[in-house]
Structures are given as C-alpha cells and as structure tokens.
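# Examining the three-dimensional arrangement
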Amino acid sequence: MEATFVTQDTKPRTDKVAIIGKIISILCILFLLVDAVMKVIEHPLSMEGSVALGWPADQVQSIGIALLVSTILYIIPRTAILGAILITGYLGGAIAVMVMAKQSLSFAATLGVLVWAGMYLRDAQLRAMIPFRK
C-alpha cells in the first residue's frame, strides 16, 4: 500500500487574489482621480455639490489637491499604504461632512472599505501582517 500526498499549489491562487485586488484598486483609483481633478479644476458640478455640503468655495480646490496627492501615493506601489491611510483620512472627513449634512454616508464608507480591500488583496506583505484564519 502506497500513500500519495496531494499538495495544493498556492501560486495561482495568490496571483488571482492579487489580480482581483488590482481590479478593485483600479476602480477606486478611477473614481478618486475623477473626483480630485473635478475639484482641482473647480468644475461647476463639483463646486455645487461641495458648497451644498457646507464647504467654503475657496477651499474646494485645496481639498481636491489633497485627494489627488493621496491617490497618487496610493497608485505607487512603494507608497501605496501611505496613500491608503491618507485616503482613509479624507473619506473619514467626507463621512463627517455627510453626517452633519444629514446625507447618506454609505458610499464614502464603502469606498474606504474597497480601498483597503484592494490594498490587502494586492499586497502579500499586508496579508502576512493581518492574516485571516479559518
């Protein structure tokens, strides 16, 4: 009688996980870049929405620059975690503004979760630091 051991190759799974993480991150990045650029160029729709939420019109561009810098840091692999932390701070502020304006905060909260989900799935070192166990 002979025993055979079947080993599961984890490399394809890891590649799939990283690809899913990159897709999630790309979708978040696209949204954040559009939002940031609209604020930086002071697009009327962005200005209207921001002022309606209580932001001073002369500060909208500064907020857009902060978001743009944070998003660029999130895009660069070496600074991605710093970018995710800064985006989390930005979205925390957005949630606070939404609460004060009595608006739904679910989109900002969901985007924050997706930013970190994408980061977690695409970064093996982060997964090693924060392991999920069965």
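Note that this is a predicted model, so its numbers are computed, not measured.

## Describing the packing of aromatic side chains
The relation between two aromatic rings is expressed through the spacing of the ring centres and the mutual angle of the planes. Counted under the stated rule, the structure contains two aromatic pairs. Aromatic side chains F31 and F107 sit 5.0 Å apart centroid to centroid with 70° between the ring planes, which places their arrangement in the edge-to-face category. Here the residue F31 occupies a position in helix α1 (residues 11–40), and F107 occupies one in helix α5 (residues 106–122), the gap between them amounting to 76 residues. Its relative accessible area of 51% is what places F107 among the exposed residues. Their ring planes at 70° and their centres at 5.4 Å tell us that Y120 and F132 sit as a pair that is edge-to-face. Separated by twelve residues along the polypeptide, Y120 in helix α5 and F132 in the segment after α6 (124–129) bring together distant segments of the chain.

## Description of the confidence of the model for the chain
Here the chain averages 90 in pLDDT, while 90% of its residues score no lower than 70. Predicted confidence in the chain is weakest over α6, with a mean pLDDT of 90, and strongest over helix α3 (residues 60–75), with 97.

## Observations regarding the side chain of D35
As for its placement among the helices and strands, D35 is situated in helix α1. By relative accessible area, D35 is classed as buried at 17%. With near-sequence residues (within four places) excluded, D35 lies in contact with L67 and Y90.

## A few points about helix α4 (residues 80–100)
The terminal C-alpha atoms of α4 lie 30 Å apart, and with 21 residues this matches the ideal 30 Å at 1.5 Å per residue to within 8%. For α4, the complete set of buried residues consists of A80, G83, A84, I87, Y90, L91 and V97. The arc that holds every buried residue of α4, seen down its axis, measures 135°, which confines them to one face. Taken from the residues just after α4, K102 is the one with a positive phi, measuring 55°.

## Examining the layout of surface pockets
In this structure, the largest pocket spans a volume of roughly 570 Å³. Every residue lining the largest pocket is counted, 23 residues in all, and those nearest its centre are D35, K39, L53, Y90 and A94. Elements with a contribution of two residues or more to the lining of the largest pocket: α1, α2 (44–52), α3, α4 and α5. Tallying contributions element by element places α4 first for the lining of the largest pocket, with seven residues. For the lining of the largest pocket, the residue count by class is 16 nonpolar, five polar and two charged.

Thresholds applied
Within each chain, residue numbers correspond to sequence positions counted from 1 in written order. Where totals are concerned, whole chains, interfaces and linings use all residues; where local detail is concerned, this predicted model gives features only for residues with pLDDT of at least 70, and gives and counts side-chain atom pairs only at 80 or more. Side-chain measures were taken over the full set of non-hydrogen atoms in the model, leaving aside hydrogen atoms and water. Each Phe, Tyr or Trp ring (for Trp, its six-membered ring) is paired with any other whose centre lies within 6.5 Å, and the angle between the two planes then decides the class: stacked below 30 degrees, edge-to-face above 60, tilted in between. Segments assigned H or I by DSSP are reported as helices when at least four residues long, segments assigned E as strands when at least two residues long, and all are numbered from the N terminus. Only protein chains enter the calculation, and the probe is 1.4 Å; a residue is then buried if its accessible area is under 20% of its type maximum, exposed if over 50%, and partly exposed in between. Note: pLDDT gives the predictor's confidence per residue, expressed from 0 to 100. Note on contacts: a residue pair qualifies if any of its non-hydrogen atoms lie within 4.5 Å across the two residues. Given a helix with a known number of residues, its expected span is that number minus one, times 1.5 Å. Regarding the arc, it is the one traced by the directions from the helix axis to the C-beta atoms. Lining residues are those with an atom within 4 Å of a point, where the points come from a 1 Å grid over the protein atoms alone and group into cavities, where a 1.4 Å probe fits but cannot get out, or pockets, open sets with protein on both sides within 12 Å along at least five of seven lines. Grid points are joined across faces, edges and corners, and a volume is the space filled by probe spheres set on the points. As a working rule, the residues Ala, Val, Leu, Ile, Met, Phe, Trp, Tyr, Cys and Pro are called nonpolar, Asp, Glu, Lys and Arg charged, and the rest polar, with Gly in that last group.

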